[in-house]
Amino acid sequence: KEFGGKPFSLLTVQQQEELLKALEKAPQLELYSLADDQKEKGDWHGCKVLGQTTVKGDDAKKVLTALKKGVEDGTSGARCFIPRHGVRVVHDMQTYDLVICFECRWVYVYTGDNDKPLVLVTSEGPQKQLNDLLAAAKVPTAKPEKKDGK
């Protein structure tokens, strides 16, 4: 299947459980702020990184809770895929990178060295939590997406 020019497939229940376990068990995660300029490609799964911060402890649990709720509440994705957020978690020597577009609600999930993402659908819910953590760490963020053409 193709979506936005990239081959993809949905995560199986087992893959979702493995990802959730990694998010729950990892002692920390990396939170990325990504540029919304699609013309300017970068080195992190094709995205330019504006900044990043390490998230630990209660803040990492808040990210897990927000992401889990977002996926539970996600219904369908649109076509844009202009990611502004990313999360990297490493657990049991496996790396999971989540490249997130809250505008269209797709999450591309890269595991290990695989350059073909699997996908999840999320809601816009986790965006505020991630933005608050980035702001607290003084990490620059991309402009928010335009709502209703404004």
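Conventions used here
Think of each chain on its own: its residues are numbered from 1, step by step along the sequence as written. Totals for whole chains, interfaces and linings use all residues, but because this is a predicted model, local features are given only for residues with pLDDT of at least 70 and pairs of side-chain atoms are given and counted only at 80 or more. Values shown for side chains rest on all heavy atoms present in the structure; no hydrogens or waters enter the calculation. Starting at the N terminus, helices and strands are each numbered in turn, a helix being any DSSP run of H or I of at least four residues and a strand any DSSP run of E of at least two. A helix's residues, less one, multiplied by 1.5 Å, set its expected span. Here the term buried applies to any residue with accessible area under 20% of the maximum for its type, exposed to any over 50%, and partly exposed to those in between, with areas from a 1.4 Å probe on protein chains only. Throughout, the arc means the angular range of directions from the helix axis out to the C-beta atoms. Remark: nonpolar core denotes a set of buried residues (Ala, Val, Leu, Ile, Met, Phe, Trp, Tyr, Cys) joined through side-chain atoms within 4.5 Å. Stacked, tilted and edge-to-face are the three classes applied to pairs of Phe, Tyr and Trp rings, where Trp contributes its six-membered ring and a pair requires centres within 6.5 Å; stacked means planes under 30 degrees apart, edge-to-face means over 60, and tilted covers the rest.

**Some points on helix 2 (residues 57–73)**
Thinking step 1. Counted at 1.5 Å a residue, the expected span for helix 2 with its 17 residues is 24 Å, and the 24 Å between its end C-alpha atoms agrees.
Thinking step 2. If you check which residues of helix 2 are buried, you get Ala60, Val63, Leu64, Ala66, Leu67 and Gly70. An end-on view of helix 2 places all buried positions within 165 degrees of arc, on one side of the element. Within helix 2, the exposed residues directed more than 90 degrees away from the buried face are Asp58, Lys61, Thr65 and Glu72.

**Overview of the nonpolar core**
Thinking step 1. Residues Leu19, Leu29, Leu31, Leu98 and Ile100 are the most contacted members of the largest nonpolar core, which totals 26 residues.
Thinking step 2. Put simply, the parts of the chain that give this core at least two residues each are helix 1 (13–25), strand 4 (28–34), helix 2, strand 6 (85–91), strand 7 (94–101), strand 8 (106–111), strand 9 (118–121) and helix 3 (126–136).
Thinking step 3. The biggest single contributor to this core is helix 2, with 4 residues.
Thinking step 4. Leu34, Cys47, Cys104 and Val121 belong to the second-largest nonpolar core, a separate cluster that totals 13 residues.

**A few points about the packing of aromatic side chains**
Thinking step 1. Summed over all chains, the structure comprises 2 aromatic pairs.
Thinking step 2. Ring geometry for Tyr32 against Trp44: centres 4.2 Å apart, planes inclined by 25 degrees, an arrangement best described as stacked. Note that Tyr32 is positioned in strand 4 and Trp44 in the loop between strand 4 and strand 5 (49–56), a separation of 12 residues in sequence.
Thinking step 3. Look at Phe81 and Tyr108: their rings are 3.8 Å apart centre to centre, the planes differ by 10 degrees, and that puts the pair in the stacked class. Within this pair, whereas Phe81 is found in the loop between helix 2 and strand 6, its partner Tyr108 is found in strand 8, the two being separated by 27 residues in sequence. Both residues of the pair, Phe81 and Tyr108, count as buried.

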